[in-house]
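A structural walkthrough
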Amino acid sequence: MTAARSARYRSPRHRQSIVRAQHFGLYLFLFTAALFFSIPLLIMISTSLKTAAEVRAGSVFALPVEPGFAAWTRAWGEACIGRTCEGISAGLWNSVIILIPSTVLSVGLAALNGYALSLWNVPRAGAILAALLLGAFIPYQVMIYPLVRMASTVGIYGSLPGIVAVHVIFGIPVLTLIFCNFYKGLPPELIKAARVDGAGFFRIFRRIVLPMSGNIIIVALILSVTGVWNDYLLSLIFAGRDNLPMTVQLASLVGTRIGVPEYNVNMAATLITALPPLLLYLLSGKYFVRGVTAGAIKG
Amino acid sequence: MAVGRAGKRKWSAGCTAVLTLMPTVVICLIAYYGSIGWTIGMSFTTSGILPKYEFAGFDQYIRLWSEPRWHTAFANMFIFGALYVGGCLVFGVALAIAVDQGVRGRNFLQSLFLYPIALSFIVTGLAWQWFLNPTVGLQAFVRSLGFEGFVFDWLSSPEKAIFTLVIAGVWQSSGLVMAIVYAGLGSIDSEIWRAGRVDGIPKVRMYRRVILPMLTPVLLVCVVLLAMNVVKSYDLVVAMTGGGPGFSTDLPAKFVVDNLFQRANIGLASAGATVMLLAVLVILLLSACIQRIRKARP
């Protein structure tokens, strides 16, 4: 640091104006960033409330003159996906039907696995966890075709059990890691005492470990629900034509090009698909952040 | 007697742990490594519509590298990758530092910067496609303001469409970087800040010279996560450009899926998938090396 520069920092008036400029710059940056993040969502909402004529006539930033939910009802029950014109409501039901068993199974199994790996002396526990996690890092494309063959050999390809199995298989590693990290933090005396008292593996899990896992189960559930709900590729390939979830239906709805593209309906359908995870995010706040960062930081 | 019984209990309980663990672990490992091995195997065969186990050496790889579409996809992975990872990192770190300055409305801002992570890449892609669509989106808006000559047609331009993917990707993922880095900033000892203040070091320099170097491991985690997203990128391309115009925004992930399920080129797709696998392994090895070098340094 040169003498002149350090002197500049010492002059109080100069320093004050620098601080003020920095302050201004900081808020300007945050304001611009806030705009960048909110504009796509605001535009989607405003477009979905317009009529088709209004969308064609006005600009994206123009607010709807007579906001209405006509596009939403069309997206829900009338919009054409390929040749069937029943909207994406069927996709919602399929998404829910896929979601419930997938998340319950993967969180349940991951909790048990994490408990076994962290609190019991399973030989090579670290290697097992590492092998699981490495598998979860490999892109689906590398495994997808053999998995299709395996699933059809077992007889579950293109069915509800098929897509649920695939979701569980790919969901387990990161969830197991989260449970492992959490259970490692529990006081070991607790388990030791229970073992001396003669309690077995499942009894300790049910009576001692599970009642303390409330928060971490919420974190894991949120992570799992968003992952399964937002999945596209796995559902497209494994779910079969009768079980296609909302994301897949949405992509084909927007891709259906019969007549003039109805942007307002497309945006309403997009919002309907995005709403469940978005609500989950808004309601769960801190848990959600913990979920997306937990796997990242300790992994 | 009593001791013996307790010992037996302990042993059988440990056994239960292993037995509980085994089914899921075995199924997962077979599903992962069995299919990875299978795919690598198929890349050395003449498989077309159906797998055919006829050894073909490196024929599929030679075919792969003679396909212009693969060349575009492979090059795009690096262009998109560099800009996406760099963009998310710079923007995410800037956001984390900015919200860490004790600004008003911090919680609200953080939620706002992070909400795209709750969305599917399909949703993100559709939202940005609508906004950047030249005939109805941003370009039309600026023109309607009177700037008739304004051009922002990246989405329909073969050379620039890849940059629209970068914009949407950065929008989706920089919140994650912000969350991770913000957590890292919180874990920095306040003594370090105090020492900096005592020495009269300006904040900006503290961040650049002291704080960010301390956060290197955290930043490395971000880079690995983002790089994985790049190799996996499929949904975003499908929703936003469909790989077009032409094949100009194709990525390896899309090339492989198209060749597997639409063009029935299983051998070729497996060769492409194997290259993707190598890309992931290179990323993981590089990050492991960097970590080791950092640890070895005093």
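Residues numbered from 1 in each chain as written. Chains lettered and ligands numbered in written order. Predicted model: local features only at pLDDT ≥ 70, side-chain atom pairs only at ≥ 80, totals over all residues. Heavy atoms only, no water.

**Quick notes on the overall build of chain A**
For chain A, the helix and strand inventory stands at 15 helices and 0 strands. A compact globule built from 299 residues would reach a C-alpha radius of gyration of about 19 Å, whereas chain A, at 26 Å, exceeds it by more than 25%. Here chain A, with 299 residues, has 48% of them falling under the buried criterion. For chain A, contacts bridging at least 24 residues in sequence account for 72% of all contacts bridging at least 6. Of the roughly 14,400 Å² of accessible surface on chain A, 66% is carried by carbon and sulfur atoms. Separation between the mean location of the 23 positive side-chain charges and that of the 9 negative ones in chain A comes to 21 Å. (Helix = DSSP H or I, 4+ residues; strand = E, 2+ residues; numbered from the N terminus. Rg over C-alpha atoms; globule rule 2.2 N^0.38 Å. Buried < 20%, exposed > 50% of the residue type's maximum accessible area, 1.4 Å probe, protein only. Contact = heavy atoms within 4.5 Å. Areas by Shrake-Rupley, 256 points an atom, 1.4 Å probe, with all protein chains shown as cover. Lys, Arg positive; Asp, Glu negative; His and termini not counted. Charge placed at Lys NZ, Arg CZ, Asp CG, Glu CD.)

**So, the packing of helix α13 (residues 246-255) of chain A against helix α14 (residues 263-284) of chain A**
Residue and element names in this part refer to chain A. Packing of α13 against α14 leaves a shortest axis separation of 10 Å and a crossing angle of 170 degrees. It follows that α13 is roughly antiparallel to α14 by the angle criterion. Taking contact as the criterion, the partners of M246, T247, L250, L253 and V254 in α13 are, on α14, N266, A269, T270, I272 and T273. Taken together, the residues of the contact of α13 with α14 sort by class into 6 nonpolar, 4 polar and no charged. (Axes fitted to C-alpha atoms, helices over the stretch in contact; angles between N-to-C directions. Parallel < 35°, antiparallel > 145°, perpendicular 65-115°, else oblique. Nonpolar A, V, L, I, M, F, W, Y, C, P; charged D, E, K, R; others polar.)

**A short note on a nonpolar patch on the surface**
Taken together, the side chains of A:L134, B:Y33, B:L278 and B:L281 define a hydrophobic patch exposed on the protein surface, amounting to about 320 Å² of accessible area. Here B:L278 shows up in helix α13 (residues 266-296). (Patch = residues over 30% accessible without salt bridge, like charges linked within 9 Å, V, L, I, M, F, W, Y side chains within 5 Å. Salt bridge = Lys/Arg side-chain N within 4 Å of Asp/Glu carboxyl O.)

**Here we look at the nonpolar core**
The biggest cluster of nonpolar side chains holds 150 residues, and the ones touching the most others in it are A:F238, B:F80, B:F113 and B:V181. Examining the composition of this core, we find that 14 residues originate from one element, helix α7 (residues 161-186) of chain B, more than from any other. Of the residues that make up this core, three or more belong to each of domain 1 (3-77) and domain 2 (89-298) of chain A. Excluding its chain neighbours within four sequence positions, the residues that come into contact with B:F80 are B:I162, B:L165, B:V166, B:V230, B:S233, B:L236 and B:L251. Core analysis: the second largest hydrophobic core is formed by 33 residues, A:C180, A:V209, B:A17 and B:V25 among them. (Core = buried A, V, L, I, M, F, W, Y, C linked by side-chain atoms within 4.5 Å. Domains from an automatic or database assignment.)

**Topic: the packing of aromatic side chains**
Using the criterion set out here, one finds 39 aromatic pairs over all chains in the structure. A centroid spacing of 6.2 Å and a plane angle of 90 degrees characterise the contact between A:F29 and B:F91, whose relative ring orientation is edge-to-face. Placement of A:F29 in helix α2 (residues 12-48) and of B:F91 in helix α3 (residues 68-99) is noted, with the two residues assigned to different chains. For B:F91, a relative accessible area of 18% corresponds to the buried category. Here the aromatic rings of B:W65 and B:F74 are separated by 4.9 Å at their centres, their planes lie at 85 degrees, and the arrangement is edge-to-face. (Phe/Tyr/Trp six-rings, centres within 6.5 Å; stacked < 30°, edge-to-face > 60°.)

**A closer look at the confidence of the model for chain B**
When pLDDT is averaged along chain B, the result is 86; 95% of the residues meet or exceed 70. Looking across chain B, the model is least confident in helix α1 (residues 2-42) of chain B, with a mean pLDDT of 78, and most confident in α3(B), with 93. (pLDDT = per-residue confidence, 0-100.)

**Things to note about the UniProt feature "transmembrane region" (unreviewed entry) in chain B**
Residues and elements named next belong to chain B. UniProt tags residues 12-34, 73-99, 111-131, 161-185, 206-228 and 266-290 as "transmembrane region" (unreviewed entry). For residues 161-185, the end-to-end C-alpha separation is 36 Å, with 100% helix and 0% strand making up the annotated structure. The span residues 266-290 is 100% helical and 0% strand by assignment, and the distance between its end C-alpha atoms comes to 36 Å. (UniProt positions renumbered as here; feature names shortened; annotations may be inferred.)

**Focus on the packing of helix α5 (residues 89-119) of chain A against helix α10 (residues 201-209) of chain A**
Residues and elements named next belong to chain A. Between α5 and α10, whose axes approach to 11 Å, the crossing angle comes to 105 degrees. Here α10 runs roughly perpendicular to α5, going by the angle between their axes. Contacts from A111, L112, Y115, A116 and L119 of α5 reach α10 at F201, F202, I204, F205 and V209. Here the residues of the contact of α5 with α10 are counted per class, giving 10 nonpolar, no polar and no charged.

**Remarks on helix α6 (residues 125-137) of chain A**
All names here are of chain A. With 13 residues, α6 extends 19 Å between its outermost C-alpha atoms, agreeing within 8% with the 18 Å of an ideal straight helix rising 1.5 Å per residue. Of the positions making up α6, those classed as buried are A125, I128, L129, L132, L133, G135 and A136. On an axial view of α6, the arc spanned by its buried residues comes to 155 degrees, and they lie on one face. (Expected span 1.5 Å × (residues − 1). Arc of directions from axis to C-beta.)

**Comments concerning the domain arrangement of chain A**
How large an interface is tends to be reported as the accessible area lost when its parts come together. Residues and elements named next belong to chain A. Looking at the assigned domains, one finds that chain A contains domain 1 (3-77) and domain 2 (89-298). The distance between the C-alpha centroids of domain 1 and domain 2 comes to 34 Å. For domain 1, the biggest contributors to the area lost against domain 2 are M44, W72 and W76; these three give 43% of the whole. Here domain 1 is connected to domain 2 by 2 residue pairs in polar contact (both at pLDDT 80 or more). Those elements giving two or more residues to the side of domain 1 that touches domain 2 turn out to be α2, α3 (52-57) and α4 (70-77). (Buried area = accessible area lost by both parts, 1.4 Å probe. Polar contact = N/O pair within 3.5 Å; in protein donor to acceptor, adjacent residues only side chain to side chain.)

**Examining the UniProt feature "transmembrane region" (unreviewed entry) in chain A**
UniProt marks residues 21-45, 92-115, 127-148, 160-183, 204-229 and 263-283 of chain A with the feature "transmembrane region" (unreviewed entry), using the numbering shown here. A helix fraction of 85% and a strand fraction of 0% characterise residues 204-229 of chain A, whose end C-alpha atoms lie 33 Å from each other.

**Thoughts on the UniProt feature "domain: ABC transmembrane type-1" (unreviewed entry) in chain B**
The UniProt entry lists residues 74-287 of chain B under the feature "domain: ABC transmembrane type-1" (unreviewed entry), expressed in the numbering used here. Taken end to end, residues 74-287 of chain B comprises 73% helix and 0% strand; its first and last C-alpha atoms sit 21 Å apart.

**Description of the interface of chain B and chain A**
Opposite the 91 residues of chain B that make contact, chain A presents 82 residues. Per-residue buried area on chain B facing chain A is highest for B:L21, B:Y32 and B:W130; these three make up 10% of the total on that side. Counting the contacts that link chain B with chain A gives 0 salt bridges. At 24 residues, the largest contribution of residues to the side of chain B that touches chain A is made by α1(B).

**Section: the pattern of salt bridges**
Residues and elements named next belong to chain B. As enumerated under the stated definition, the model contains 4 salt bridges over all chains in all. Residues E191 and R194 are paired through a salt bridge, measuring 3.0 Å at the closest nitrogen-oxygen approach. Remark: R194 and E191 occur in helix α8 (residues 190-198); sequence separation between them is 3 residues, near one turn of the helix. We note a salt bridge from D258 to K254, for which the minimum N-O separation is 2.8 Å. Highlighted residues: D258 and K254, both in helix α12 (residues 252-261), separated by 4 residues, approximately one helical turn. Assigned by exposure class, D258 and K254 land together as buried.

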